[in-house]
Amino acid sequence: MIVALLALLGFHHGTSSRAESDQDRPVGVKYDRVFKTGDVKIEPFDLANLPPLPAGYVALNNKAFRITTSAIVAGRHTVRFAVPSVTEEDTFQKLRIFRVDNDPFDPDGYVWVDVTLLQSSTAPPNFSTKTIYGQSEGLGTFVIAKLIREVPPSAAIADLVVTTSGVADRITAPDLISYTIKVVNQGPNNASDVGLWDGVAGPVNLVTVEPSRGSCKPKYSHIVCKLGSLRAGESITVSVKLKPEEGRGSFPREGKEITHDAGAKAVEKDPTPQNNEASDTVLVFPDPNQPPTVTLNSPKDEALFVGPADITLEATAEDIDGSISKVEFFDGENSLGLGTSVDGKKFALTARRLSYGRHNFVAVATDNGGRLDWSLSRQIFVNGLSLVSVKTPAADALIAPGLDVTLAALATHPSGVIKKLQFLANGRLLGEGSLSDANTYTFNWKAARRGDYSIAAIALDGSDTPTVSIPVKFIVGKRPEVTFISPGDAARGSASTNVSIAVRAKQVEGWIRRVDFYADGKLIGSASDIVTETFRFSWRNVPAGKHTLKAIAFDDLGVSETSDSITLSVEKAND
Ligand SMILES: [Ca+2]
Ligand SMILES: [Ca+2]
């Protein structure tokens, strides 16, 4: 009955490994917004892995709970907790729900946050049903906390004051931006758990952050510090060095403003929060040293190798106002090493015995002033010894959208074993082929959608070594339509005048990129106007004679259609 009622109220019940219904535990979740329904899972979680609870509290029954869901949800969710074991109303009213949250001053740390819905809320604690609610952004790890010792709210006052010093108003990249943040406790009481944040607005990399005590860490575009306690009259300094990053470009000649904004807080009440923040702005002028440029010449993109392969990477690097100090080659995140050069311009490296499968190469050049450039990445594939090829569809085929497309590939291996064959569409797995004929694998691609595709087949041999085929490119789409509006067929005109040509061209599912106009087989002009379906061209000083006109329309996928031809008779002007 209660279960049914709660379901009506929108609560989703968790599955739990424990069967007893009289336990103190979370029993359901009411989501704020649901995008996709799913199951709630409530599991016990080891308190030993969590920070200590706030002073005066213990976890009821010494338990914590982890709540997860397979639903896709957002917003502030309400979690319902049953506490049947709590029989005294006074104890019940002092129960709190705490949830683990990220420590705002330590990206690797956690803190407990009180998420209890109290009397004034929409779901207050209810002693008669022994129910208490917590509300939080997202789910996570919770405890039902019981107060065992009253801790009077602190009356202590600590006036923190934050100042910054040492920063230059203007610098030139790549010089560092350096400054010192000072936090003073002006008392009258000691400040505890002093936290400091420093937010930086602008393209920089953190070089160093050194607090005179405590610890600091980078967090997104912030630095956050836990500085511990600060006695009245004491101060802590934090020295920061930032490197302005221009990337491959340059800051504007008038300079780029980079700002940081530091602030501090403690547990104690601060009578003057307005002096707890300080900021600086630095104008950073562009590095006079221009960045280098680098191009990865080989291997070619999408090149296939038969492994185990030694592959030579070659890049061209140049620096217009200096020299190249090094070119480093990467395979994904991993450095393959530095290239060698005889002329200081072409750099080469041979990567030995590269593993089977896909590799992603990038070359990074550094000039004599420390500036960088990185090449476009090149994807290559080291194949095993299988022979794999896509048989259908044919290259450059045009297939109508919405139809099922049969993909077929041929795969063999000297050992005779092909374990598996998969089809990839534009590099993404489409599905597994089934053996339909000797060495032939097919896959029925259901209702292929309009687009241009590159289909490859990838075979795994008996030792799971992959071999990928040369891709076959084709288009799923329809031809556009193109018809003449003017001139009409068999029209007549006078020489040395201009003839206005207009066609109607359309692609129902896409758009027309361009229409080319031909007279007597020669291109006389083009039009691209994506606003309307009418494409116009003025043929100037038309020569006398009988002309044949046609138009070819190209859609967004590059599929073309040629109009019917029309004739235009142009007579010599009577002068
Ligand atoms: Ca203050
Ligand atoms: Ca340079």
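Counting restarts for each chain: residues are numbered from 1 in the order of the written sequence. Each chain takes a letter, starting from A, and each ligand takes a number, starting from 1, following the order in which they are written. Reporting in this predicted model follows two pLDDT cut-offs: at least 70 for local features of residues, and 80 or more for side-chain atom pairs to be given and counted; totals over whole chains, interfaces and linings ignore these cut-offs and use all residues.

### Quick notes on the domain arrangement of the protein chain
Stage number 1. The domains assigned to the protein chain are domain 1 (2-147), domain 2 (158-285), domain 3 (293-383), domain 4 (387-476) and domain 5 (481-571).
Stage number 2. Relative placement of domain 2 and domain 4: their C-alpha centres are 57 Å apart. Reported domain spans reflect what an automatic or database domain assignment gives.

### Let's talk about the sheet that holds strand E37 (residues 434-437)
Through backbone hydrogen bonds, the strands of a sheet pair up, either in parallel or in antiparallel fashion.
Stage number 1. The 4 strands lie next to each other as E32-E34-E38-E37, forming an open sheet whose pairing is antiparallel. The open sheet has two edge strands, strand E32 (387-392) and E37, and neither has a second partner. Direction aside, the axes of adjacent strands within the sheet are offset by 35° on average.
Stage number 2. Following DSSP output, two strands are said to pair if at least two bridges run between them. To qualify as a helix, a DSSP run of H or I must reach at least 4 residues; to qualify as a strand, a run of E must reach at least 2; elements of each kind are numbered from the N terminus. Here 6 bridges tie strand E34 (residues 405-412) to strand E38 (residues 440-445), and the two strands are oriented antiparallel to one another. Bridging across to E38, Leu407 finds its partner in Phe443. Fitted lines through C-alpha atoms give the axes, limited to the stretch in contact for helices. The angle between two N-to-C directions lies from 0 to 180 degrees.

### Section: the confidence of the model for the protein chain
Stage number 1. Per-residue confidence from the predictor is reported as pLDDT, a score between 0 and 100. Chain-level statistics for the protein chain give a pLDDT mean of 91 and a share of 95% at 70 or above.
Stage number 2. Note that pLDDT drops below 50 for residues 1-8; the model gives that stretch 3 contacts with residues more than four away or on any other chain.
Stage number 3. Here, residue contact means that the backbone-derived C-beta atoms of the two residues sit within 7 Å. When the criterion is pLDDT under 50, residues 17-21 qualifies, and its contacts beyond four places in sequence or with other chains add up to 1 contact.

### Describing unusual backbone geometry
Stage number 1. Along the chain, Ala173 connects to Pro174 via a cis peptide bond; the corresponding omega equals 10°.
Stage number 2. The topology assignment puts Pro174 in the loop between strand E14 (170-172) and strand E15 (177-188).
Stage number 3. Positive phi is not limited to glycine here, since Lys130 has a value of about 55°.
Stage number 4. In this structure, Lys130 sits in the loop between strand E10 (106-114) and strand E11 (131-137).
Stage number 5. Backbone geometry places Asn439, a non-glycine residue, at a positive phi of 60°.
Stage number 6. Its location among the elements puts Asn439 in the loop between E37 and E38.

### Regarding the nonpolar core
Stage number 1. Note on terminology: a nonpolar core is any set of buried Ala, Val, Leu, Ile, Met, Phe, Trp, Tyr and Cys residues joined through C-beta atoms within 7 Å. Residue burial here comes from a neighbour count, namely the number of other C-beta atoms, placed from the backbone, that lie within 10 Å of the residue's own C-beta, with 20 or more meaning buried, 12 or fewer meaning exposed, and in between meaning partly exposed. Counting 43 residues, the largest nonpolar core has Leu313, Ala315, Val327, Ala363, Ala409, Ala411 and Ala457 as its most contacted members.
Stage number 2. Both domains that meet at this core, namely domain 3 (293-383) and domain 4 (387-476), each give it at least three residues.
Stage number 3. Once residues within four sequence positions are removed from consideration, Ala409 is found in contact with Val388, Ser389, Val390, Lys391, Leu421, Gly433, Tyr441, Ala457 and Ser469.
Stage number 4. Core analysis: the next-biggest nonpolar cluster, separate from the first, contains 32 residues, Ile177, Ile181, Leu230 and Val240 among them.

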